[in-house]
Structures are given as structure tokens and as C-alpha cells.
Amino acid sequence: MKFGIMIVPEDRWQTARLKWRQAEQMGFDHAWTYDHLNWRAFRAKEWFTMVPTLTAAAVETERIGIGALVSSPNLRHPVNLAKDVTTIDDISGGRLILGLGAGAAGFDSTMTRRNPWSRRERTERFAEYVELTDQLLTQPVTTFDGRYYLADEVHSQPLCRQEPRVPFAIAASGPRGMRVVARHASTWVTTGEPNLFASAPYEQALPVLRRQVEALEEACVEIGRDPSTLSRLLVTGPTVGGVLDSPAAFFDAAGRFAEVGITDLVVQWPRPDEPFQGKVEVLEKIGEDLDRHRAV
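Figured I'd write up the structure that's included with this text. Along each chain, the written sequence defines residue order, and numbers are assigned to residues from 1. Under the rules for a predicted model, residues below a pLDDT of 70 receive no local features and side-chain atom pairs below 80 are neither given nor counted, while totals for whole chains, interfaces and linings still include all residues. By convention in this description, side-chain values take in all heavy atoms of the structure and omit both hydrogens and water.

1. So, the pattern of salt bridges
Selection criterion: Every case where a carboxyl oxygen of Asp or Glu lies within 4 Å of a side-chain nitrogen of Lys or Arg is listed as a salt bridge. A run of H or I in DSSP counts as a helix once it spans at least four residues, and a run of E counts as a strand once it spans at least two, with each numbered from the N terminus. Only protein chains enter the accessibility calculation, which uses a 1.4 Å probe; a residue whose area is less than 20% of its type maximum is buried, one above 50% is exposed, and one in between is partly exposed.
One pass over the full model with this rule turns up 14 salt bridges. The salt bridge involving Glu-10 is made with Arg-271; its shortest N-O contact spans 2.7 Å. One end of the pair, Glu-10, is in the loop between strand S1 (2–6) and helix H1 (13–25); the other, Arg-271, is in the loop between strand S12 (264–268) and helix H9 (280–287), with 261 residues separating them in the sequence. Each of the two residues, Glu-10 as well as Arg-271, counts as buried. We note a salt bridge from Glu-60 to Arg-21, for which the minimum N-O separation is 2.7 Å. Of this pair, Glu-60 sits in helix H2 (residues 50–60) while Arg-21 is found in helix H1, placing the two residues 39 residues apart along the sequence. Taking relative accessible area as the criterion, Arg-21 reaches 33% and is therefore assigned partly exposed.

2. Observations concerning helix H5 (residues 119–138)
How we decide: One less than the residue count of a helix, multiplied by 1.5 Å, gives the span that helix is expected to have.
The first and last C-alpha atoms of H5 sit 29 Å apart over 20 residues, in line with the 28 Å expected at 1.5 Å per residue. Of all the 20 residues making up H5, 14 are buried; the element is thus mostly covered by neighbouring parts of the structure.

3. Structural notes on the pairing of strand S8 (residues 187–190)
Rule in force here: The pairing criterion for strands is at least two bridges between them, as found by DSSP. By the criterion used throughout, a crossover qualifies as right-handed when its path from the first strand across the helix to the second strand runs clockwise, the strands pointing away from the viewer.
Both faces of S8 are covered, namely the face carrying Thr-187 and Val-189 and the face carrying Trp-188 and Thr-190. Relative to S8, strand S7 (residues 168–171) runs parallel, the two being bridged by 3 bridges. Considered in S8, the bridge of Ile-170 is made with Trp-188. On the question of chirality, the crossover connecting S7 to the parallel S8 by way of helix H6 (residues 175–184) is right-handed. Relative to strand S10 (residues 231–235), S8 runs parallel, the two being bridged by 4 bridges. Bridging from a neighbouring strand, Thr-187 pairs with Ser-231 of S10.

4. Here we look at unusual backbone geometry
Cis peptide bonds are those with omega within 30 degrees of zero, and the linkage from Gln-157 to Pro-158 qualifies with 0°. With respect to the element layout, Pro-158 can be found in the loop between strand S6 (150–155) and S7. The omega torsion of the bond from Glu-274 to Pro-275 falls at -5°, within 30 degrees of zero and hence cis. Structurally, the position occupied by Pro-275 is in the loop between S12 and H9. Of note, the phi angle at Glu-153 is positive, near 50°, even though the residue is not glycine. Relative to the elements of secondary structure, Glu-153 occurs in strand S6. The phi angle at Phe-276 is positive, at roughly 70°, despite the residue not being glycine. Residue Phe-276 is classed as buried on the basis of its relative accessible area of 11%.

5. A word on the side chain of Lys-19
Operational definition: Note on contacts: a residue pair qualifies if any of its non-hydrogen atoms lie within 4.5 Å across the two residues.
Mapped onto the elements, Lys-19 comes out in helix H1. Discounting chain neighbours no more than four positions away, the residues touching Lys-19 are Ile-7, Asp-11 and Trp-269.

6. Some remarks on the packing of aromatic side chains
To keep it simple, the criterion reads: In this analysis, rings of Phe, Tyr and Trp, with Trp reduced to its six-membered ring, are considered paired at centre separations within 6.5 Å, and the interplanar angle assigns stacked below 30 degrees, edge-to-face beyond 60, and tilted for intermediate values. Here, over-ring charges are defined by two tests on the NZ atom of lysine or the CZ atom of arginine: distance to the ring centre within 6 Å, and angle to the ring normal within 35 degrees.
Tallied over the entire structure, the rule returns 9 aromatic pairs. Residues Tyr-34 and Trp-39 carry aromatic rings whose centres are separated by 4.7 Å and whose planes lie at 25° to one another, so their mutual orientation is stacked. Grouping residues by exposure puts Tyr-34 and Trp-39 together as buried. One aromatic cluster in this structure is built from Tyr-34, Trp-39, Phe-42, Trp-47 and Phe-276. Arg-125 extends its terminal NZ or CZ atom over the ring of Tyr-149, reaching a point 5.8 Å from the ring centre.

This is the structure:
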């Protein structure tokens, strides 16, 4: 099992930098931030964007993997995203992980367009979005003429430090999304129940996760991919609760999640109030024991 931490981009950098440093010092394998313009209860609060945040985090840290969960078609064209990705991957020395998702019908989808996309269009756009992003990050020159996206002789120099490109961590729960994961991802990302907007005890997520893992493995088999070559990352907090109640709860949850096929567990950095209310002291105690549980 590998362990990660999600750092909400709400702090001025003098505070945020300490969290990124501490995440590395505590021994987490990867650290993430959200890629939104606004997000749920934070809409009227301070909120900083993903690209400069990860750029600064790349400079502040040395070992830990860094990434966004998740970048989506809601915010930027694949050409712009790919250039940002290669830049951050270079600054970080090849530690970037690119989280990708279809996005949702929230603030990001309404602030810059009159007519939000339907769920069907969002799904179709996402498949094309991932395909074009993959090409832009692996080919020196890309020409792409899709239904939703166009790229005309886009020169991508330099390419990523990592070869053949930065790894994709793709969020998906439906059949078409799972097929995109099977074709392009190094890691599958889930938050558990996709239509649940309130945190529930982590034990309740196990049946959902088991079914999702089975669907993921079926999608891999359909295209001839060995399912064991794909990591499975669970982001707790938005829908899966109780994991940071205590160190005992954390490691109990990790063991249960591993039994249903999860390989990477991500928790939210504890905040003084909701959402993600918790104690940093609990997180620090967990960090003291990560190495012993990482190999389990």
C-alpha cells in the first residue's frame, strides 16, 4: 500500500509550503491538490489554482510525487494543459503525476459557459481529451482533428522528463470511463460512491469499491491489459469518512481497502472546520508508522 495526502489550495503560500514540506517529511508517497476554479463550500473563500501551486510545491520538495486530482475539460484545452505538465515535470525532476477526470456539473462548468455540457457530452469530451493529451505528451508534433478538440501542428518541445510521458491517474466510475482508464492510465482513481455528496463511514464504501475494482479489471481484460499493471487509488474524505479519526482507524481502513484491491490511499489534510475537519496531530502519528504498513 502507498499513501498520499490531499492539500486543499486555500492557504497563502507561506502557510501552504509548510504543509507540502511536512507531507514529504512524514513519509507520504505522493501529495495532491485540487484543480478547480472554485469548489463546493470553498467558493466564497480564498482558493489558489493548481499550476502555480504544483510549480511551487515542486521547488519546496525533493522526493514526494506531486499531482492534481483531477484536471478536467472544464478548465483548459489539452494543448495548454500539456505545456503546463511538461514544465512542472521538468521543475520537479520527473515527479509529476497527472490526474485526469471528466469533471462535474459544478461551478467550473457554469462560470465560463452559457450552456453546461450534458453528462453524455462530458463523457465523450473526456475520452477525446485524454487521447489528445496523451499524444501531445508523447509526440514532438501533434495534429489532431476531433469532434471537440483541434490541434494543428502543435510542437511539444521539450517532452516530459518521464518516459514515455508523465503517468496518468484517471478518475472514472462508469463503463466508458473505465475503458479510458484501461487504455491510458497508470492509476485508476475513485472516491467511492460517485453520487454520494456526504461522507459516510469507510466500512460502507467496501462493497462499492469491490464492484468498481471488478468493473475496472473487466475493462482491462477486454483490451488485453493485465489488470495487475494498474494501480488503484482511493481518495477519502468527500464520500469516505472516518479514516483520520485515529491512527488505528487509518491503518484498519488501509487494510480493508487493500483487501478489495486498493493500492493507494489518499487522505485530506485535516482542517479546523468542515469539510475535512480533523487533527493534524493524528496525521503526524500516522506518519510515524507509515513505513511499517507500506510494505503490507
